[in-house]
Amino acid sequence: MTFSLSSPAFENAGDIPHRFTCDGENASPPLQWKDIPAGAKSLALIIDDPDAPDPARPQRTWVHWILYNLPVTINGLAEDMSVKGLPEGTLCGNNDWHNISYGGPCPPIGKHRYYHRLYALDIVLPDLHRPSRASLEQAMQGHVLQQAVLMGMYAKTKQRTGDVRPRSAHRR
C-alpha cells in the first residue's frame, strides 16, 4: 500500500477544471487520500505552481494554498473548502497572495503545472502563526514520513492584464 493523493475532479497530469481556477469559481478542488503511513500524527498540504510566471522561463514557485495539522482521521477535503469549514485542528499558512484561503490556478501566460503535495508527519506541529511555505517546510524537517503528489495542468482561457487576485482572497 502506498500513500496516495487524488481528486475526483481531475486525473494526475490532467487538466484542472475551470471551476477550480480564477477564470471560474475559484473553488478548491476535492482531494482524497489513502494509505496514510503508520505513525503519522498529522498531514500538511501545499499546492504550488513551479512555472510562474511563464513556463518557458519560470522565475519562481507560486504558492496557492498551505494547510497543516490536518487530522489523520480524515481521508480528504470536500470541494470548495472554506477556511471556516476545515477539519478541527487544521491550521493555515499564507499563500503568495498573502492570505490563508485557497487561490486557484491563474497563470498569466502558458500552460502551468500545479502540484498538490500532501505530507504525512510524525508530529502535530505547534501553531506557526500563518507560516510561509519556507517556515512550514523548516518546521516539518525531519518529521516527514511520506509524501503523496497530485499534479494538474491549467492554461488561461483568456488573457488578463493588471493585478489578478483570486476571488477567494475576497470571498473567504
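Provided above is the structure to which this section pertains.
Residues numbered from 1 in each chain as written. Predicted model: local features only at pLDDT ≥ 70, side-chain atom pairs only at ≥ 80, totals over all residues. Heavy atoms only, no water.

Here is the key point about a regular strand: its side chains alternate between the two faces of the sheet. Only one face of strand S3 (residues 31–34) is buried: it carries Leu 31 and Trp 33, and the other face, with Gln 32 and Lys 34, is open. Relative to S3, strand S1 (residues 4–6) runs antiparallel, the two sharing three bridges. Across the sheet, residue Ser 4 finds its bridge partner in S3, namely Lys 34. Here S3 runs beside strand S6 (residues 76–77); their pairing, made up of two bridges, is antiparallel. Its bridge partner being in S6, Gln 32 is matched across the sheet by Gly 76. (Buried < 20%, exposed > 50% of the residue type's maximum accessible area, 1.4 Å probe, protein only. Helix = DSSP H or I, 4+ residues; strand = E, 2+ residues; numbered from the N terminus. Pairing = 2+ DSSP bridges.)

Here we come to the packing of aromatic side chains. For any two aromatic rings, the description comes down to two numbers: the centre-to-centre distance and the angle of the planes. Evaluated as defined, the whole model comprises two aromatic pairs. Geometrically, the ring pair formed by Trp 62 and Trp 97 is edge-to-face, given 5.4 Å between the ring centres and 75 degrees between the ring planes. Taken together, the positions of Trp 62 in strand S5 (residues 60–70) and Trp 97 in the loop between strand S7 (91–92) and strand S8 (111–121) put the pair 35 residues apart, joining distant regions of the chain. Exposure remark for Trp 97: the relative accessible area of 10% places this residue in the buried category. Aromatic side chains Trp 65 and Tyr 102 sit 5.4 Å apart centroid to centroid with 75 degrees between the ring planes, which places their arrangement in the edge-to-face category. With Trp 65 in strand S5 and Tyr 102 in the loop between S7 and S8, this pair connects stretches of sequence that are 37 residues apart. (Phe/Tyr/Trp six-rings, centres within 6.5 Å; stacked < 30°, edge-to-face > 60°.)

To continue, consider unusual backbone geometry. Cis geometry marks the peptide bond from Ala 52 to Pro 53, where omega comes out at -5 degrees. The backbone phi angle of Asp 35 is positive, close to 60 degrees, even though this residue is not glycine. Phi at Asp 80 takes a positive value of approximately 55 degrees, unusual for a residue other than glycine. What makes Asp 80 partly exposed here is its relative accessible area of 30%.

Another point: the pairing of strand S9 (residues 144–155). As defined by bridge partners, strand S2 (residues 14–15) adjoins S9 across two bridges and the pair is classed as parallel. By the bridge assignment, Gly 14 is partnered in S9 with Gly 152. Looking at chain direction, S8 and S9 are connected through 11 bridges and run antiparallel. Note on S9: the bridge partner recorded for Lys 111 is Ala 155.

Strand order in the open sheet made by the six strands is S2-S9-S8-S4-S5-S7, with mixed pairing throughout. The sheet terminates laterally at S2 and S7, the two strands that pair on one side only. One ladder, built from two bridges, connects S5 with S7; its direction is antiparallel. What sits directly across from Leu 67, in S7, is Cys 92.

Any link to function would need more than the numbers given here.
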